[in-house]
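# Chain and residue survey
If you want the building blocks of each chain, they are given just below.
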Amino acid sequence: MSRARIVAVSLLMVGVLTGAGVPPAQADRSTAHDVHPALRTHLVAAYDFDHPVPGDPALERDQGRSGTEIELINGGAAMRVPDRAYRGSGNAVQTRQVDPATTGNDDWKAGTWSASGVRTLRAFSATGGTTIMGWFKLNMDSPALNSTTADPDDRYNAIGLAGLLTGDSDGHGVRALLELIDVDGELRLVALGRRLDGGNSQTFAARPDWRDLLPVGEWVHLAATFDFGTGALALYRNGEPVDGFYTRADDPWLVSGPGPHVTTASDPRGIKIGGSFPQDTLERNPCDCRMDGLLFLDSVVSARDVRRQYHHLAR
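Cut-off values and rules
- Residues numbered from 1 in each chain as written.
- Predicted model: local features only at pLDDT ≥ 70, side-chain atom pairs only at ≥ 80, totals over all residues.
- Heavy atoms only, no water.
- Disulfide = S-S within 2.5 Å.
- Buried < 20%, exposed > 50% of the residue type's maximum accessible area, 1.4 Å probe, protein only.
- Helix = DSSP H or I, 4+ residues; strand = E, 2+ residues; numbered from the N terminus.
- Polar contact = N/O pair within 3.5 Å; in protein donor to acceptor, adjacent residues only side chain to side chain.
- Contact = heavy atoms within 4.5 Å.
- 1 Å grid on protein atoms, 1.4 Å probe; cavity = no way out; pocket = protein on both sides within 12 Å on 5 of 7 lines; lining within 4 Å.
- Points joined across faces, edges and corners; volume = space filled by probe spheres on them.
- Nonpolar A, V, L, I, M, F, W, Y, C, P; charged D, E, K, R; others polar.

The next point concerns the state of the cysteines. Counted under the stated rule, the structure contains one disulfide. Across the disulfide, cysteine 287 is cross-linked to cysteine 289 (sulfur-sulfur distance 2.1 Å). An S-S torsion of about 140° defines the bridge between cysteine 287 and cysteine 289 as right-handed. Cysteine 289 carries the same exposure label as cysteine 287, and that label is buried.

This part takes up the side chain of threonine 95. Mapping threonine 95 onto the fold places it in strand E6 (residues 91-95). Among the polar contacts made by the side chain of threonine 95, one reaches the main-chain carbonyl oxygen of cysteine 287 at a distance of 2.7 Å. Apart from the residues lying within four places of it in its own chain, the contact partners of threonine 95 are Met79, Trp108, Lys109, Ile273, Gly274, Cys287, Asp288, Cys289 and Met291.

A probe as big as a water molecule, rolled over the atoms, marks out the empty space that is left. For the structure shown, the criterion picks out three cavities of 30 Å³ or more. One number sums up the size of the largest cavity: a volume of about 50 Å³. Lining the largest cavity, in full, are Gly160, Leu161, Ala162, Gly163, Leu177, Glu179, Lys272, Ile273, Gly274, Gly275, Ser276 and Asn285. For the lining of the largest cavity, the secondary-structure elements that each account for two or more residues are strand E9 (158-165), strand E10 (174-183) and strand E17 (270-273). Per-element accounting of the lining of the largest cavity gives the leading share, four residues, to E9. The residue inventory of the lining of the largest cavity, partitioned by class, reads four nonpolar, six polar and two charged.

Below, the structure is given as structure tokens:
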């Protein structure tokens with residue numbers, strides 16, 4: 001059981017034993033002020049890293065409707081850093097590799113995990129579309145050294161940003177993901193999605209150089225949309241579409257036949273931010289970066305609304 005689920009169960013038991021009423025998960029939350037009204041209907045989970053769980057600052061409260069707490073893994077409260085990604089922003093989350101020379105599980109990353117699926121993320125079960133967006137600041141110019149191999153010069157082939165896991169994920173496999181990954185020998189910003197648990201993924205890769213899209217030390221707003229009904233993916237940077245290409249020309253999502261086509265009817269096993277395996281059993285694709293205003297939506301946000309969200313917050 002994840003740390004977040006253990007805390008939730010503990011709080012429930014306190015309420016039962018004391019006779020106190022346990023309020024609904026959303027009772028003390030309001031819609032995040034930094035989300036444009038056009039997006040709020042489909043906002044499932046949102047994290048601004050200004051809302052630690054009372055009594056446990058290593059957990060971050062969800063500002064969306066799902067109430068899905070995430071853990072600041074290995075770094076705890078120290079991962080909240082004062083850095084203004086956008087107007088009204090307070091803290092950002094810092095993720096990073098800790099010791100590339102040692103095989104271990106100490107990288108700073110964030111997320112949540114449950115082997116039986118995270119029930120509060122059920123909006124992403126049998127859904128026709130998903131959007132992930134947020135603000136990102138990279139402080140690295142290449143993938144990190146691979147701490148899981150003996151070769152001191154070996155590097156990972158990707159830099160993890162933010163993703164939603166499949167219903168059968170080992171902590172790495174995703175239903176929807178924003179990341180930087182090697183595509184035919186060149187690192188590219190991508191939207192990578194998988195419609196069916198155990199099925200094939202499709203990748204939409206940005207044509208522009210990733211270093212131009214994500215200059216080191218600069219806050220950038222990114223969005224990725226996943227239309228599971230049609231097989232279409234899209235990327236956006238600072239509110240504008242990014243030119244790109246699909247890495248597969250076949251039908252990896254199996255959407256060519258009669259529909260409607262939706263994702264597998266399974267609860268995602270979690271969320272990963274800044275690297276894989278939010279259950280903290282393995283290190284993979286760490287990101288030395290800061291993130292803020294992360295949004296997970298259960299629909300394909302239109303290009304117009306992506307632009308609205310960016311200009312709603314841009315400084």
